[in-house]
Amino acid sequence: MERLQKVIAHAGVTSRRKAEQLILEGKIKVNGIVVKELGTKVSGNDKIEVDGIPITREEPVYYLLYKPREVISAVSDDKGRKVVTDLFPMEERRIFPIGRLDYHTSGLLLLTNDGELANLLMHPKYNIEKLYVAKVNGIPTREQLTKLERGVNLEDGKTAPAKVKLLSVDRKKGTSIVQMIIHEGKNRQVRRMFEAIGYKVQKLKRERYGFLDLKGLSPGDYRELTPHEVKQLRNLAVTQRSQY
Ligand code: URA
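Scope of this entry: the structure provided in the associated data block. (Residues numbered from 1 in each chain as written. Predicted model: local features only at pLDDT ≥ 70, side-chain atom pairs only at ≥ 80, totals over all residues. Heavy atoms only, no water.)

**Overview of the nonpolar core**
Defined as follows: Nonpolar cores were defined as sets of buried Ala, Val, Leu, Ile, Met, Phe, Trp, Tyr and Cys residues, with membership established by side-chain atoms within 4.5 Å. Burial classes follow relative accessibility: with a 1.4 Å probe on protein chains only, a residue under 20% of its type's maximum area counts as buried, one over 50% as exposed, and anything between as partly exposed. A run of DSSP states H or I qualifies as a helix once it reaches four residues; a run of E qualifies as a strand once it reaches two. Both are numbered from the N-terminal end. Here a residue-residue contact requires only that any non-hydrogen atoms of the pair lie within 4.5 Å.
Core analysis: the largest hydrophobic core is formed by 30 residues, its most contacted members being Leu148, Met180, Met193 and Phe194. Listing elements by their share of this core, those giving two or more residues are β7 (62-67), β9 (105-112), β10 (130-137), α4 (142-150), β14 (175-182), α5 (189-196) and β15 (201-209). With sequence-adjacent residues up to four places away left out, Met193 is seen in contact with Leu148, Val152, Leu154, Thr159, Ala162, Met180 and Ile182. The next biggest cluster of nonpolar side chains, apart from the first, holds 20 residues, and it includes Leu108, Tyr209, Leu225 and Leu236.

What follows is the structure in structure tokens.
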């Protein structure tokens, strides 16, 4: 038996908090009867409706994908481009990405059908650490890298402190490889941060998300998260919240 709000959230309908609101508003029916008590427990056999629409009760699944470049972080694309869920077998297509990586960015992307965990991890207050490796044109100076570390002004605000490390320099080609660890998830953040100090990102890869990395995977590969990793992810969101 599980709490009704948890079951609704797991079905990907909404967050647990909003599910509680829906219950209080009398929008949830269990076996045809409106239920307004938050503590109500339901079993796998109970039929649950949200605003008259039955929810699909699926086993939650969690995947870690090595997103290749030139794939959209979405479940469909109106321009017909390849999307991340195309990389999974047909029966797994109910999953959706947790957050996004740009079309041209490769690297670690989580996918799930668990709306609640997705909401938790994507919420701005749960700032999970993400490690990116960027190939940029030119060779940034120490001073410029310090600017990135301290925060640069973007049109949607100043970026929070970041950890930045120059990994290598190709003087012949005039390019550099820079590692950057950030907690925020502003749109195109890493690319825009480099633009702000005068450099263009030629290639970008997310190598780490919290404690998860791409070990053993090639572009296009994916693996299921272990139950322990899922638990750790939930804990991570909660502990990160208290730190920032
Ligand atoms: N920052 C970017 O610029 N792009 C991404 O895909 C992720 C972070």
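After that view, the rundown keeps rolling.
**Re the sheet that holds strand β3 (residues 33-34)**
Put simply, the rule reads: DSSP bridges decide pairing: two strands pair if at least two such bridges lie between them.
Ordered in space as β3-β2-β5-β6, the 4 strands form an open sheet in which the pairing is antiparallel. Where the open sheet ends on each side, the last strands, each with one partner, are β3 and β6 (53-54).

**Comments concerning α4**
Among the residues of α4, Gln144, Leu145, Thr146 and Leu148 are the ones counted as buried. On the buried face of α4, the contacting elements are β13 (163-170), β14 and α5.

**Here's the deal with the site of the ligand**
The condition is simple: Near residues are defined by distance, with any heavy atom within 4 Å of the molecule or strand qualifying the residue. Residues adjacent in sequence count toward polar contacts only when both atoms are side-chain atoms; beyond that, a polar contact is any pair of N or O atoms within 3.5 Å, and within protein one must be able to donate a hydrogen and the other to accept it. Method for areas: the Shrake-Rupley scheme with a 1.4 Å probe, in which residue coverage is limited to the protein chains shown. Only Asp, Glu, Lys and Arg are considered charged, only Ala, Val, Leu, Ile, Met, Phe, Trp, Tyr, Cys and Pro nonpolar, and every remaining residue, Gly among them, polar. By convention here, the domain bounds are inherited from an automatic or database domain assignment.
In the vicinity of the ligand, the contacting residues are Leu101, Asp102, Thr105, Tyr132, Arg188, Gln189, Val190, Arg191 and Leu204. Measuring from an oxygen atom of the ligand, one finds a backbone N or O atom of Gln189 at 3.4 Å. In isolation the ligand has 230 Å² of accessible area, and contact with the protein removes 96% of it. Residue composition of the shell around the ligand, by class: 4 nonpolar, 2 polar and 3 charged. Two domains each provide a minimum of three residues to the shell around the ligand, namely domain 2 (62-125 + 212-241) and domain 3 (130-209).

**Quick look at unusual backbone geometry**
If you check the backbone angles, Asn31 has positive phi at about 50° while not being a glycine. Structurally, Asn31 can be placed in the loop between β2 (28-30) and β3. Of note in this structure, Arg188 is not a glycine but carries a positive phi near 50°. Along the chain, Arg188 falls in the loop between β14 and α5. Judged by its relative accessible area of 33%, Arg188 falls in the partly exposed class.

**A short note on the pattern of salt bridges**
To keep things clear, this is the line we draw: Any Lys or Arg side-chain nitrogen found within 4 Å of a carboxyl oxygen on Asp or Glu counts as a salt bridge.
A complete count under the given rule lists 17 salt bridges for this structure. Residues Glu49 and Lys47 are paired through a salt bridge, measuring 3.6 Å at the closest nitrogen-oxygen approach. A relative accessible area of 47% places Lys47 in the partly exposed class. Measuring nitrogen to oxygen at the nearest pair gives 3.0 Å for the salt bridge that ties Glu129 to Arg208. Of the two residues, Glu129 is situated in the loop between α3 (115-122) and β10 and Arg208 in strand β15; the sequence distance between them amounts to 79 residues. Several salt bridges converge on common partners, so that one network encompasses Arg100, Asp102 and Arg191.

Function cannot be read off these values alone, since they describe shape.
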